[in-house]
Structures are given as structure tokens and as C-alpha cells.
Amino acid sequence: MSIKAAFLDRDGTIIVEQNYLNDPALVKLLPTSAAAMLRLREKGFLLFIVSNQSGVARGFISPQQLEAVHREFEKRLNAAGVTIDGAFYCVHDPKVEKCPCRKPATGMVPREWKGQPIDFAKSLVAGDKRMDLELGKNLGARSFLVTKSGYGEKTRTELAAEPDHGFLLVDDLAAVAAQA
């Protein structure tokens, strides 16, 4: 039996984009994020965070700061009743290191969870950047561009000239959950 999962970008999708977030006090959930994640859970999705965090390799964020931000992020989600199944961060510098985990590569995405294979055709990816959409394509999952936060509007504008982009435009995670 296979399972389905929602692979969600963190910054600009679930929380307010802060550009190399290194202070846990600045973690702020976007208004619809927690309720949307609860709705995805109700629909049977595992919840995974997949986030490029090159600020670590670039020296903008220490590994300890990344961990502290993640703990605060989970604390805020938990306070809203949301638990995540896993969080995966790529900390490599894209200009120096060619790694298999940096989105849109699929290396940080689990292929199974607790012994059950993940069915990517039933899964989804949501984020505010092209790399999130390309991750979904590379996995064979539905891709959602969240346009009303983070870099979503900028990404939508950049992709407007591509007639067959193969992803869904949504305002926020609530719209993702509604269409999941």
C-alpha cells in the first residue's frame, strides 16, 4: 500500500519570508498555513517540509540558528495543532556545491515513510519559487505555486510567458488544501 504526501516549502509558503531567517523570534506563520496543513492531514497527506537553506553555507545562518528557527517553527505549528512528519533542509551553496538534495533535485525527498512507499502521483508540492514547481515535476507530483506570499507573485510573473507550465496557481496553502 502506498501513501501520499504534501511536500511544502517553508519560507514564503508556510511562514513569512524573512530572507535568510536566522532569528527564531521572527518566525511568523502565514494566516492560512496552520488550518491548511490540518486540512491536508485530514485528507490523508503526510506533511513534509522541504527547504533550501543555503544561508548556512554562505555564512548568513549558523547551523545552530537554523536548528533554533526550526524548533520555533515547529513550536508555532504545534501550538496551532499541526504536527509535521519530517523536515528536510539543504544547506549547500548552489554556486559552489552541486548536490543531489538542493531543490529542484529530489535528493532530500523521502521515497518511503515508515516502510510504506510514497505515491508521488497522489502527492503534491507547494511553494513560492520555480524550484518548488520543478521539484514537483521531477517527482511526478502535482505542483502548486503559492502567489500571495514570499516570492510567489514574482515567480508567477516570470512564468507567465510559459503557456504550458504544468502547475496550479493558488493564493495560499488554504487553496492548495481545497484542491488536494
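See the structure printed just above.
Thresholds applied
- Residues numbered from 1 in each chain as written.
- Predicted model: local features only at pLDDT ≥ 70, side-chain atom pairs only at ≥ 80, totals over all residues.
- Heavy atoms only, no water.
- Buried < 20%, exposed > 50% of the residue type's maximum accessible area, 1.4 Å probe, protein only.
- Helix = DSSP H or I, 4+ residues; strand = E, 2+ residues; numbered from the N terminus.
- Arc of directions from axis to C-beta.
- Contact = heavy atoms within 4.5 Å.
- Phe/Tyr/Trp six-rings, centres within 6.5 Å; stacked < 30°, edge-to-face > 60°.
- Core = buried A, V, L, I, M, F, W, Y, C linked by side-chain atoms within 4.5 Å.
- Salt bridge = Lys/Arg side-chain N within 4 Å of Asp/Glu carboxyl O.

Undergrad: Help me understand helix H3 (residues 130–139), please; the structure alone is not making it clear to me.
TA: Since the α-helix packs 3.6 residues into each turn, any two residues three or four apart lie on the same face. Buried residues of H3: Asp132, Leu133, Leu135, Gly136 and Leu139, and no others. Looking straight down H3, one finds its buried side chains confined to an arc of 155°; they lie on one side. Buried positions along H3 lie against strand E1 (4–8), strand E2 (45–52), strand E6 (124–127), strand E7 (142–146) and helix H4 (152–159). Of the residues flanking the end of H3, it is Gly140, one or two places downstream, whose phi is positive at about 80°.

Undergrad: Teacher, can you tell me more about the environment of Leu168 here?
TA: The residue Leu168 is located in strand E8 (residues 168–170) in this model. Considered as a pair, Leu168 and Ser143 are 25 residues apart in the sequence and their alpha carbons are 6.3 Å apart. Leaving out residues up to four positions away in the same chain, Leu168 has contacts with Ser143, Phe144, Leu145 and Gln179.

Undergrad: How do you make sense of the packing of aromatic side chains when you look at a structure like this?
TA: Two aromatic rings, taken as a pair, are described by how far apart their centres are and by the angle between their planes. Counted according to the given criterion, the structure contains five aromatic pairs. Centre to centre, the rings of Phe48 and Phe88 are 5.9 Å apart; their planes meet at 45°, and the pair counts as tilted. With Phe48 in strand E2 and Phe88 in strand E3 (residues 86–90), this pair connects stretches of sequence that are 40 residues apart. Residue classification places Phe88 among the partly exposed residues on the basis of a relative accessible area of 22%. With 4.8 Å between their ring centres and 75° between their planes, Phe48 and Trp113 make a pair best called edge-to-face. Of this pair, Phe48 sits in strand E2 while Trp113 is found in strand E4 (residues 112–113), placing the two residues 65 residues apart along the sequence.

Undergrad: Where do I start with the nonpolar core in this structure?
TA: Most often, soluble globular proteins have nonpolar side chains that are buried together. If you look at the biggest cluster of nonpolar residues, it comprises 27 residues, and the most contacted ones within it are Leu8, Ile14, Met37 and Leu124. The set of elements that each furnish at least two residues to this core consists of E1, helix H1 (33–42), E2, helix H2 (63–79), E6, E7 and helix H5 (173–179). Ranked by residues supplied to this core, first place goes to H1 with four residues. Filtering out sequence-adjacent residues up to four positions away, Ile14 remains in contact with Leu8, Asp9, Lys28, Leu29, Leu30, Ser33, Met37, Ile49, Phe73, Leu77 and Leu173. Counting residues in hydrophobic clusters, the runner-up holds 17 residues, among them Ile3, Val50, Cys99 and Val109.

Undergrad: Sorry, what's going on with the pattern of salt bridges here?
TA: Side chains carrying opposite charge are able to pair once their charged atoms draw close together. By the definition in use, this model includes twelve salt bridges. Where Glu72 meets Arg76, a salt bridge forms, and the shortest distance between an N and an O atom there is 2.8 Å. In this pair, Glu72 and Arg76 both sit in helix H2, four residues apart, roughly one turn of the helix. Across the pair Lys103 and Asp132 runs a salt bridge, and its minimum N-O distance is 2.5 Å. One end of the pair, Lys103, is in the loop between E3 and E4; the other, Asp132, is in helix H3, with 29 residues separating them in the sequence.

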